[in-house]
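Descriptive analysis of the structure
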Amino acid sequence: MADSAMSSVSDAYDRALIALGRGNHATAEILLGQIVARGDITSAAALDLTAKAQFHLAGIQRDRNRLRGSDGAVTLYTGALAYYRSMGVKQRIEEVLFMLGACKEMSGASTVALESYQELLKQADPRNRVLIVRANGRIGALTTKMGKLLEAEMHLRIATEGSIHLDDSYPYSYYHEKLAILRTRQGKLDEAYASLRSAREEIEKGDHLRYVQSLCVEANIHIEGKDVLSGLSLLRKALERAVMYEYAHQEAYISRLLVSHDGNYKSSSGVNT
């Protein structure tokens, strides 16, 4: 029975990762949810796969802004965190704590999120280059939003320079995009475009979330440069994709931008805002 359960869990997990790689989040969500919901998993290997399934499923829910509730991202991350703490796996603990910080940030608790990233950075193993890049990047992004531009400059410089040495190109793309946002806030629009171009070179085909985020950054550069019509056109394009792929957090953000810059824009309730 144990071997059968492990084989079933392993097969479902492998198929879920393939689905995620293809951008098929609906299939991945079903497969990962089935693993998490099982009650016959007792072997060490199967429990480890269950924790990994919780982590990936939480990521899907986080992208959809489903943070709370019994099947929300916070609950799923917390379950994975409990397992990794029981096993004493420091790197995985740090990774889950980072994502819980992201959930705090998405829920609007920017100050609490910033403090959690700062604490995580203090305690990070210096050899964990990925975490150091990600924590500096998020601190840089948050301090940009808070108007602490000198602090943001320092952390995003560390993140962008550090990302060059990582095996994965995703952080390089993501934090150059955050640097483009900072440059926009600083009024350095030519530099903002240059950073955005660097970011786009590393966006993988089929990464719809990153494409939506990139469109938003470009839109803001146009708007800051007083080309509001081009900016609005890009925001509408981004909104269409956010709705299509159920990126609720991005959908809400883009809608707020459209409300701010387009007097004729109608909210999802159909009321002029």
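In this report, we go over the structure that sits alongside the text. (Residues numbered from 1 in each chain as written. Predicted model: local features only at pLDDT ≥ 70, side-chain atom pairs only at ≥ 80, totals over all residues. Heavy atoms only, no water.)

Remarks on the side chain of Thr184
Where we set the bar: In this text, helices come from DSSP runs of H or I with a minimum length of four residues, and strands from runs of E with a minimum of two, each type numbered from the N-terminal end. Contact definition: two residues touch when any of their heavy atoms are within 4.5 Å.
With respect to the helices and strands, the residue Thr184 is situated in helix α9 (residues 170–185). Not counting chain neighbours up to four residues away, the residues in contact with Thr184 comprise Leu189, Ala192, Asn220, Ile221 and Glu224.

With respect to the packing of helix α3 (residues 44–63) against helix α5 (residues 90–106)
Heads up, the rule is: Between the N-to-C directions of two axes lies an angle of 0 to 180 degrees, each axis being a line fitted to C-alpha atoms and, for a helix, fitted only over the stretch in contact. Oblique is the label for every angle not falling under 35 degrees (roughly parallel), over 145 degrees (roughly antiparallel), or within 65 to 115 degrees (roughly perpendicular). Crossing handedness: left-handed means the near helix sits turned counterclockwise from the far one by under a right angle, and right-handed means the same turn made clockwise. For this classification, the nonpolar set comprises Ala, Val, Leu, Ile, Met, Phe, Trp, Tyr, Cys and Pro, the charged set comprises Asp, Glu, Lys and Arg, and every other residue, Gly included, is treated as polar.
In contact at an axis separation of 12 Å, α3 and α5 are set at 20° when each is read in the N-to-C sense. It follows that α3 is roughly parallel to α5 by the angle criterion. Crossing hand, α3 versus α5: left-handed. Each of Lys52, Phe55 and Arg62 in α3 lies in contact with α5, whose residues at this interface are Arg92, Glu95, Val96, Met99, Ala102, Cys103 and Met106. Residue classes in the contact of α3 with α5 are distributed as 6 nonpolar, no polar and 4 charged.

So, α5
Note the threshold: Here, expected helix span is obtained from the residue count minus one, scaled by 1.5 Å. For every residue, the accessible area (1.4 Å probe, protein chains only) is compared with the maximum for its type, and the residue is labelled buried under 20%, exposed over 50%, or partly exposed between those bounds.
Taking 1.5 Å per residue, 17 residues should reach 24 Å; α5 reaches 25 Å between its end C-alpha atoms and fits that length. The set of residues buried in α5 consists of Ile93, Glu94, Val96, Phe98, Met99, Leu100, Gly101, Ala102, Cys103, Glu105 and Met106. Packed against the buried residues of α5 are α3, α4 (73–87), α6 (110–123), α7 (129–145), α9 and α13 (248–261). A positive phi of about 100° marks Gly108, the residue just after α5.

Re helix α11 (residues 208–224)
Along an α-helix, residues three or four positions apart point the same way, because every turn accommodates 3.6 residues. Counted at 1.5 Å a residue, the expected span for α11 with its 17 residues is 24 Å, and the 25 Å between its end C-alpha atoms agrees. Of all 17 residues that make up α11, 14 are buried, and the element is covered over most of its length.

Observations regarding the packing of aromatic side chains
For clarity, the threshold we go by: Ring pairs shown here join Phe, Tyr and Trp side chains whose ring centres sit within 6.5 Å, with only the six-membered ring taken for Trp; geometry is labelled stacked below 30 degrees between planes, edge-to-face above 60, and tilted in between. Whether a charge sits over a ring depends on NZ of Lys or CZ of Arg being within 6 Å of the ring centre and within 35 degrees of the ring normal.
For the coordinates displayed, the defined rule picks out 6 aromatic pairs. Ring centres 5.3 Å apart and planes at 70° place the aromatic pair Tyr83 and Tyr84 in the edge-to-face group. When its relative accessible area of 16% is taken as the criterion, Tyr83 is described as buried. Through a chain of ring-to-ring contacts, the aromatic side chains of Tyr170, Tyr174 and Tyr175 assemble into a single cluster. Cation over ring: Arg92 sits above Phe55, and NZ or CZ is 5.2 Å from the ring centre.

Topic: the pattern of salt bridges
The test is simple: Salt-bridge detection follows one rule: a side-chain nitrogen of Lys or Arg within 4 Å of a carboxyl oxygen of Asp or Glu.
In this structure the tally under the stated criterion is 17 salt bridges. Here Glu105 and Arg138 are joined by a salt bridge, their closest N and O atoms 2.2 Å apart. In this pair, Glu105 sits in helix α5 while Arg138 sits in helix α7, placing the two residues 33 residues apart along the sequence. We classify Glu105 as buried; its relative accessible area is 10%. Overall, Arg138 belongs to the buried group, its relative accessible area being 9%. Where Arg157 meets Glu161, a salt bridge forms, and the shortest distance between an N and an O atom there is 3.8 Å. Separated by 4 residues within a single helix, Arg157 and Glu161 lie in helix α8 (residues 149–163), roughly one turn from each other. One connected set of salt bridges, linked through shared partners, spans Glu29, Arg64, Arg66 and Glu246.

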